[in-house]
Amino acid sequence: LAKTTQPISMDSYEGQEVNITCSHNNIATNDYITWYQQFPSQGPRFIIQGYKTKVTNEVASLFIPADRKSSTLSLPRVSLSDTAVYYCLVGGPNDYKLSFGAGTTVTVRA
Amino acid sequence: DAGVTQSPTHLIKTRGQQVTLRCSPKSGHDTVSWYQQALGQGPQFIFQYYEEEERQRGNFPDRFSGHQFPNYSSELNVNALLLGDSALYLCASSLGLAVADTQYFGPGTRLTVL
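It should be emphasised that the depicted structure is a prediction, and the values quoted were computed from it without experimental measurement.

Rules and cut-offs
Residues numbered from 1 in each chain as written. Chains lettered and ligands numbered in written order. Predicted model: local features only at pLDDT ≥ 70, side-chain atom pairs only at ≥ 80, totals over all residues. Heavy atoms only, no water. Disulfide = S-S within 2.5 Å. Helix = DSSP H or I, 4+ residues; strand = E, 2+ residues; numbered from the N terminus. Buried < 20%, exposed > 50% of the residue type's maximum accessible area, 1.4 Å probe, protein only. Contact = heavy atoms within 4.5 Å. Pairing = 2+ DSSP bridges. Buried area = accessible area lost by both parts, 1.4 Å probe. Salt bridge = Lys/Arg side-chain N within 4 Å of Asp/Glu carboxyl O. Polar contact = N/O pair within 3.5 Å; in protein donor to acceptor, adjacent residues only side chain to side chain.

Asker: Hey, could you go over the state of the cysteines for me, with residue numbers and the actual values?
Answerer: In this structure the tally under the stated criterion is two disulfides over all chains. The disulfide partner of cysteine 22 of chain A is cysteine 88 of chain A, and the gap between their sulfur atoms is 2.2 Å. Disulfide cysteine 22 of chain A-cysteine 88 of chain A: torsion about the S-S bond near -80°, hence left-handed. Of the two residues, cysteine 22 of chain A is situated in strand β2 (residues 18-23) and cysteine 88 of chain A in strand β8 (residues 84-91); the sequence distance between them amounts to 66 residues. When its relative accessible area of 1% is taken as the criterion, cysteine 88 of chain A is described as buried. There is a disulfide in this structure between cysteine 23 of chain B and cysteine 91 of chain B, and the S-S distance comes to 1.8 Å. On the S-S bond that ties cysteine 23 of chain B to cysteine 91 of chain B, the torsion sits near -55°, and the link is left-handed.

And the structure:
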């Protein structure tokens, strides 16, 4: 599994866009980038997954540059309910042990 | 469509006791993974079950064991409980064994060891 590095915490205000960058310098050719969100005392929830360029769904966007050594999760117009821990994971079809780091704690203030 | 369910929600045990946690996967999913999440940390992979066999295992001692039933539900057993086993235990189900396969997590079982 590729090692990932992401900020420990980020603060934002309601209505702003939050961008969380994850570094994964040793990403392999077959690896995908996946982001999960976790609220206190709940299990993580899948947000988005991508391989290259840009992926967008109803919750977030994922930007992946051409070299794929980093990725940025973008949360548009956050609300208080987006306060959570966000995990970046990198792995491919031959990686079987999901490895969560400490994640990024995003705190949204009114 | 019911998602992943876990029971019980909370559990209090004393050191040396044994505990069994249960998980029912999301409908249609055949792979179940278990995680331990200590306070303030990310989930740590314990093991994964597919076709009623343990397929992958993380760095956990043999005190942690599991089982998968023909209906894909699963149990996590922990023997000789230690204070350090206090954590949120998460079950996740998926359609595949790989990291890239989306994991659907249950709400967890909060285990407190006194």
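Asker: I'd like a description of the environment of leucine 83 of chain B, backed by residues and values.
Answerer: Residues and elements named next belong to chain B. You can see leucine 83 is positioned in the loop between β8 (74-78) and β9 (87-94). Separated by 22 residues in the primary sequence, leucine 83 and phenylalanine 105 have C-alpha atoms spaced 25 Å apart. Once you skip the residues sitting within four places of it in the chain, leucine 83 turns out to touch Arg15, Val113 and Leu114.

Asker: Tell me about the pairing of β8 of chain B, and please be specific about residues and values.
Answerer: Residue and element names in this part refer to chain B. Within β8, five of the five residues are buried, which leaves it mostly tucked inside the rest of the structure. What you see with β8 is no split at all: Ser74, Leu76 and Val78 on one side and Glu75 and Asn77 on the other are buried throughout. Sheet topology note: the strand β3 (residues 19-24)/β8 ladder contains five bridges and is antiparallel. Bridging from a neighbouring strand, valine 19 pairs with valine 78 of β8. Where strand β7 (residues 64-68) and β8 come together, five bridges link them in antiparallel fashion. Note that in β8 the partner of glycine 66 across the bridge is leucine 76.

Asker: Go over the interface of chain B and chain A with me, naming the residues and quoting the values.
Answerer: Taken residue by residue, the interface counts 23 residues in chain B and 20 residues in chain A. Both sides of the chain B and chain A interface together cover about 1700 Å² of buried area, and 59% of this is carbon and sulfur. A per-residue breakdown of the area chain B buries against chain A is headed by Val99, Ala100 and Phe105 of chain B, which together make up 33% of the total. Counting every contact that joins chain B to chain A gives zero salt bridges. In this assembly, chain B and chain A are joined by three residue pairs in polar contact (both at pLDDT 80 or more). Those elements that place two or more of their residues in the side of chain B that touches chain A are β4 (31-37), β5 (44-50), β6 (53-57) and β9 of chain B.

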